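# A structural walkthrough
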Amino acid sequence: MSYRIFTLFICFLFLFGCKPYETTKVRKNQITYESFREDQRTFPSEDGIMKYIDKGNGPVIVLLHGVPTSGWLYRKMIDPLVAGGYRVIVPDMLGFGSSDSPEGFELYSEQNHARRLLELMDGLGVDKWTQVVHDAGGVWTWELFKSQPNRIENLVLLNTVLFDDGFYPTIQLQPGIASKTKMWSYRKGIATNNLFKKLFDEGLQQNKLNHLDVEGYKTPLVEGKTDALYYYYSETCNQLPDYRATFDSIKIPTTVIWGIHDTMLQWPPQQLSVANSFDVKKENIHVIDEKHFLQETKAKKISYIIRDFLSSNKAK
């Protein structure tokens, strides 16, 4: 076999050999990424355009994604929360999803992500809200608490980054040419399937996503949005900030909803620290029979837990 043919064969395997989804049928009334993007609105942050969903009326709930996802992660939770009488805001943070992805490194620091989220909420005229955080959305939220601690009035911890104990990221990179080459391979579609196959196989008990589900995760990367990933995987994952003092200062109602089988953000090593730091009552800790991406398989259950939590706080 010639070198050229061998190279083409390897590229074929990268592109098509490891699909990050099963050959499952499209579900009835399944949301497409195209329709999701059509529902998004535009906000001009100081650093670039941010896209976001804004649906419903009533008290505000912000659904904050992590890495390497976007607001698409919450697509199945929006309508159940709106039906519960809430205004639901789902941003794509800068560098993710449909938002701009300007070149830079420190542009994607935890502090800058927090600043831009506050810009968005100020621009929408929202003074206080409930924040639902998943994955890296946690570290951006802890920075928000440090700068403006009184904006968030309820907190929902959904398999998010908290302590070193329990934090086992699937991807950790060292800054440099090798890691930048990996980002290039994601942008070019060479290793994108491998990335998401690994994430979904490790992040779901049964990976039964279909091609429409995965399209919403893959599309931003092949559009060239990898600088924010590069920062998180090469900086945050290697030097997780210590937020214990921030946690101790948070004195708002908090509930935990956690996929108990998550191997990336493990619950058992940190459960006591979380309960004590956030003063979470036992009845507000919900362990779910899933791994990391529980929004994909448990969306309605999570939504109803959030609605019950907020209703019980309102009644007090």
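Quick caveat, the model's predicted, so the values are computed rather than measured. (Residues numbered from 1 in each chain as written. Predicted model: local features only at pLDDT ≥ 70, side-chain atom pairs only at ≥ 80, totals over all residues. Heavy atoms only, no water.)

### Description of the overall build of the protein
Filter applied, for reference: In this description a helix means any DSSP run of H or I spanning at least four residues, a strand means any run of E spanning at least two, and both kinds are numbered starting from the N terminus. In this description the radius of gyration comes from C-alpha coordinates, and the expected globular size is given by 2.2 Å times residues to the power 0.38. Relative accessibility decides the category of a residue: with a 1.4 Å probe and only protein chains considered, values under 20% of the type maximum give buried, values over 50% give exposed, and everything between is partly exposed. Residues count as neighbours in contact if any of their non-hydrogen atoms are within 4.5 Å of one another. The Shrake-Rupley method, run with a 1.4 Å probe sphere, supplies the accessible areas, and residue values consider only the shown protein chains as cover. Lys and Arg are tallied as positive, Asp and Glu as negative. Neither His nor the chain termini are counted. Note on charges: their place is set at NZ of Lys, CZ of Arg, CG of Asp or CD of Glu.
Each helix and strand counted, the protein has 13 helices and eight strands in total. Taking 316 residues into account, the globule formula puts the C-alpha radius of gyration at 20 Å, and the protein, at 19 Å, falls close to it. Along the longest, intermediate and shortest principal axes, the C-alpha atoms of the protein span 75 × 45 × 40 Å. Counting only residues that meet the buried cut, the protein has 53% of its 316 residues in that class. Once local pairs closer than 6 in sequence are excluded, the contacts in the protein between residues at least 24 apart make up 81%. On the protein, roughly 14,100 Å² of surface is accessible, and the fraction owed to carbon and sulfur atoms is 52%. Across the protein, the centroid of the 37 positively charged side chains sits 6 Å from that of the 37 negatively charged ones.

### So, the confidence of the model for the protein
For residues with low pLDDT, the predicted coordinates do not support detailed interpretation. Inclusion rule: Note: pLDDT gives the predictor's confidence per residue, expressed from 0 to 100.
In this model, the protein carries a mean pLDDT of 93, and residues with pLDDT of at least 70 account for 93%. Below a pLDDT of 50 lies the segment residues 12-17, which in the model reaches nine contacts outside its immediate sequence neighbourhood of four places, other chains included.

### Section: the environment of methionine 77
Residue position: methionine 77 is located in the loop between β3 (60-64) and α3 (78-83). On the basis of relative accessible area, methionine 77 is assigned to the buried category, the value being 0%. Taking the C-alpha atoms as reference points, methionine 77 and alanine 299, separated by 222 residues in sequence, lie 5.3 Å from one another. In contact with methionine 77, not counting residues within four places along its chain, are Gln295, Ala299, Ile302, Ser303 and Ile306.

### Some words on the nonpolar core
Rules: We call a set of buried Ala, Val, Leu, Ile, Met, Phe, Trp, Tyr and Cys residues a nonpolar core when their side-chain atoms join them within 4.5 Å.
Core analysis: the biggest nonpolar cluster contains 96 residues, and Trp142, Phe278 and Ile306 have the highest contact counts within it. Here isoleucine 306 is in contact with Ile61, Met77, Leu81, Val132, Val156 and Ile257, once residues within four sequence places are set aside.

### Quick notes on the sheet that holds strand β1 (residues 41-45)
To keep it simple, the criterion reads: DSSP bridges decide pairing: two strands pair if at least two such bridges lie between them. Here the axes come from fitting lines to C-alpha atoms, over the contacting stretch only for helices, and the angles between their N-to-C directions go from 0 to 180 degrees.
Pairing is mixed in the open sheet, where eight strands are placed in the order β1-β2-β4-β3-β5-β6-β7-β8. A single partner strand is all that each edge strand has here, and the edge strands are β1 and β8 (285-288). Direction aside, neighbouring strands of the sheet carry axes that sit 20 degrees apart on average. Sheet contacts for helix α4 (residues 110-123): β1, β2 (48-55), β3, β4 (87-92) and β5 (129-135); angle to β1, the most-contacted strand, approximately 120 degrees. Strand contacts of helix α5 (residues 137-147): β3, β5 and β6 (152-160), with the helix running at about 155 degrees to β6, the strand carrying the most contacts.

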